[in-house]
Amino acid sequence: MEQDIQAQDYEILTEIAIAYYRDEVTQEEIANKFGFSRMKIGRMLKKAREEGIVEINVKYHPVFSTQLEKLLLERFPISRALIAIDHNDADEQRRLVAAMVSNYLSANLKDNMIVAVGQGRNVAAVAETVSSTIQPRNTRFICGIGGTHRPGDVINADHISRLLARKFGGTSESLYAPAYVENAELKSLFLQNGTVKETLDRARKADIALVGIGDMNSDSYMVQLGWFTPQEINDASIRLGVTGDIAGFDFFNAQGHHVNTVMDDRVIGLSAEELKQIPCVIAIASEGTKAMAIVGALRTGAIDIIATSAKNVRTLLSISQ
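In this report, we go over the structure that sits alongside the text. Here the structure is a predicted model, which means the values were calculated and not measured.

So, the pattern of salt bridges
Logical step 1: Per the counting criterion, the structure on display carries 20 salt bridges.
Logical step 2: One salt bridge connects R94 with E287, and the closest N-O pair in it is separated by 3.4 Å. Of this pair, R94 sits in helix α5 (residues 90-108) while E287 sits in the loop between β8 (280-284) and α13 (291-299), and the two are 193 residues apart along the sequence. Like E287, R94 is buried.
Logical step 3: One salt-bridge network, in which partners are shared between bridges, spans D91, R94, R121, E287 and K290.

This is the structure in structure tokens:
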């Protein structure tokens, strides 16, 4: 669709939005009705939100989230849980969780704060969530991990950091290093560079960190980016008992203990131990497949706030008894 929205474009965007959000017609059914692909329907729904045709305010009884959060806080060493209502569409679930984080930041960011920014789809969704009620602040967003080899990738920390700075106000600082290197020696050389070291030092002093939680999936973005092979991921999971990672590379088991793997010392970014020194670490995981990974992540002690779905919270409570 063209940038300039015409009257007929508004009409079809509105019709599709009503079918999806009010009448609960699936994206696939809408695609079949209008003769579009499901992917195009997803883009059109996003456009409807961007144009203000759709304004989504997630409201549910406060007792619902309060009780789940209370149980979660009793079981894990965290201070808050941002719990989104459940949705059967993965993209929409991610957006709902991201909206919770966006609202939290809007209420808690202050001038001169520093936010360390991680990578991944869930962190990116926070930056992409549309909101018209944000008051600009003089906040500094700093990449907490290097960049990928695909410029402009939406999961790239640098891309996310720039979007967050544009959304909340303030500035963005890039980490001029690759996220992935081939061996520990090369990583050591990058860390000796003055520019890289100074950026990471500033990120370590952040007031807030935004990170994702990953699971051990051979189809994960780490594999797609070529950081690790499917065999390395499977070996870490089956032989070493790794259940997930924080920030894209710091691996742990179900008890939250760090696990040494061949993947250690190959990523330039803040480790779980360094995240522990940051006052407020917000970890985001919307996918229903990540329950075991979330349990391990919460047990690391590196996370202060977990943002996820109600379904995931119920699963966490069930498997962690």
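Regarding the nonpolar core
Logical step 1: Ranked by internal contacts, the top residues of the largest apolar core, which has 58 residues, are L72, I213, I246, L275 and I306.
Logical step 2: At 6 residues, α13 tops the list of elements feeding residues into this core.
Logical step 3: In contact with I306, other than residues within four places in its own chain, are L72, I78, R80, A81, L82, I213, A283, I294 and L298.
Logical step 4: Within the second largest apolar cluster, 32 residues are counted, among which are V97, V101, L163 and L164.

Brief notes about the packing of aromatic side chains
Working definition: an aromatic ring pair is given by the centre-to-centre distance plus the angle between the planes.
Logical step 1: Under the defined criterion, the tally for this structure stands at 3 aromatic pairs.
Logical step 2: An angle of 85° between the planes, with centres 4.9 Å apart, marks the rings of Y20 and Y21 as edge-to-face.
Logical step 3: Residues F141 and F168 carry aromatic rings whose centres are separated by 6.3 Å and whose planes lie at 35° to one another, so their mutual orientation is tilted. Pair noted here: F141 is in strand β3 (residues 140-143) and F168 is in helix α7 (residues 157-168), with a separation of 27 residues, a long-range link.
Logical step 4: For F168, a relative accessible area of 0% puts it in the buried group.
Logical step 5: Note that K40 overlies the ring of F36, its terminal NZ or CZ placed 4.3 Å from the centroid.

Points about helix α9 (residues 194-204)
In an α-helix, one turn spans 3.6 residues, which is why side chains three or four residues apart end up on the same side.
Logical step 1: If you check which residues of α9 are buried, you get V196, T199, L200 and A203. When α9 is viewed along its axis, its buried side chains cluster within an angular range of 95° and face the same direction.
Logical step 2: On its buried face, α9 is in contact with β2 (114-117), β3, β4 (171-173) and α8 (184-192).
Logical step 3: Sitting at the head of α9, N193 places a side-chain oxygen 3.0 Å from the backbone nitrogen of T195.

Regarding the side chain of N253
Logical step 1: In this fold, N253 is placed in strand β7 (residues 250-253).
Logical step 2: Taking relative accessible area as the criterion, N253 reaches 15% and is therefore assigned buried.
Logical step 3: At 3.0 Å, the side chain of N253 and the backbone nitrogen of Q255 are in polar contact.

Some details on the packing of helix α6 (residues 121-128) against α7
Logical step 1: Relative to each other, α6 and α7 sit at 25°, their axes nearing to 8 Å. Between α6 and α7, the angle is such that the two are roughly parallel. The element α6 and its partner α7 pack so that their crossing is left-handed. From α6, V123, A124, V126, A127 and E128 reach across to α7, where they touch I160, L163, L164 and K167.
Logical step 2: Split by residue class, the contact of α6 with α7 holds 7 nonpolar, no polar and 2 charged.

Remarks on the pairing of strand β1 (residues 80-84)
Logical step 1: In terms of residue burial, β1 counts as a mostly covered element, since 4 of its 5 residues are buried.
Logical step 2: Alignment of β1 against strand β9 (residues 305-309), held across 5 bridges, turns out to be parallel. Pairing of L82 across the sheet is with A307, part of β9.

A look at helix α2 (residues 27-34)
Logical step 1: Every buried residue belonging to α2 is among Q27, I30 and A31, and all of these are buried. Within α2, the buried residues cover an arc of 100° as seen down the axis, which keeps them to one side. Away from the buried face of α2 by more than 90 degrees, exposed residues E28, N32 and K33 are located.
Logical step 2: Immediately downstream of α2, the backbone of G35 shows phi near 75°, a positive value.

Digging into the pairing of β2
Logical step 1: With burial as the criterion, each face of β2 is covered, one bearing I114 and A116 and the other bearing V115 and V117.
Logical step 2: Bridge count for β2 against β3 is 4 bridges, and the pairing is parallel. Counterpart to V115 in the pairing with β3 is F141.
Logical step 3: Alignment of β2 against strand β5 (residues 208-215), held across 3 bridges, turns out to be parallel. Across the sheet, residue A116 finds its bridge partner in β5, namely A209.

Cut-off values and rules
- Residue numbers restart at each chain and count upward from 1, following the sequence in its written direction.
- Where local features are concerned, this predicted model is filtered to residues with pLDDT of at least 70; where side-chain atom pairs are given and counted, the filter is 80 or more; whole-chain, interface and lining totals use all residues.
- Hydrogens and water molecules were not included; the side-chain quantities draw on all heavy atoms of the structure.
- For salt bridges, the criterion is a side-chain nitrogen of Lys or Arg within 4 Å of an Asp or Glu carboxyl oxygen.
- The way it works is that DSSP assigns letters per residue, a run of H or I at least four long becomes a helix, a run of E at least two long becomes a strand, and they are numbered from the N terminus.
- Relative accessible area decides the class of each residue, using a 1.4 Å probe on protein chains only: under 20% of the type maximum gives buried, over 50% gives exposed, and in between gives partly exposed.
- Within this scheme, the nonpolar core is defined by two criteria: the residues are buried Ala, Val, Leu, Ile, Met, Phe, Trp, Tyr or Cys, and they are joined through side-chain atoms within 4.5 Å.
- Pairs of residues are marked as contacts when any of their non-hydrogen atoms sit within 4.5 Å.
- Aromatic rings from Phe, Tyr and Trp, with only the six-membered ring used for Trp, were paired whenever their centres fell within 6.5 Å, and each pair was classed as stacked if the ring planes differed by under 30 degrees, edge-to-face if by over 60, and tilted otherwise.
- Comment: the charge-over-ring label is applied if NZ (Lys) or CZ (Arg) is within 6 Å of the ring centre and within 35 degrees of the ring normal.
- In this description, one arc is meant: the one made by directions from the helix axis to the C-beta atoms.
- Side-chain atoms alone can form a polar contact between residues adjacent in sequence; in general such a contact is a pair of N or O atoms within 3.5 Å, and within protein one must be able to donate a hydrogen while the other accepts it.
- Between N-to-C directions, angles span 0 to 180 degrees; the directions come from axes that are lines fitted to C-alpha atoms, helices contributing only their stretch in contact.
- When an angle is under 35 degrees it counts as roughly parallel; over 145 it counts as roughly antiparallel; between 65 and 115 it counts as roughly perpendicular; any other value is oblique.
- When the near helix sits turned anticlockwise from the far one by under a right angle, the crossing is termed left-handed; a clockwise turn instead gives a right-handed crossing.
- Residues are sorted three ways: Asp, Glu, Lys and Arg are charged, Ala, Val, Leu, Ile, Met, Phe, Trp, Tyr, Cys and Pro are nonpolar, and all the rest, Gly among them, are polar.
- A strand pair is defined by DSSP finding two or more bridges across the two strands.

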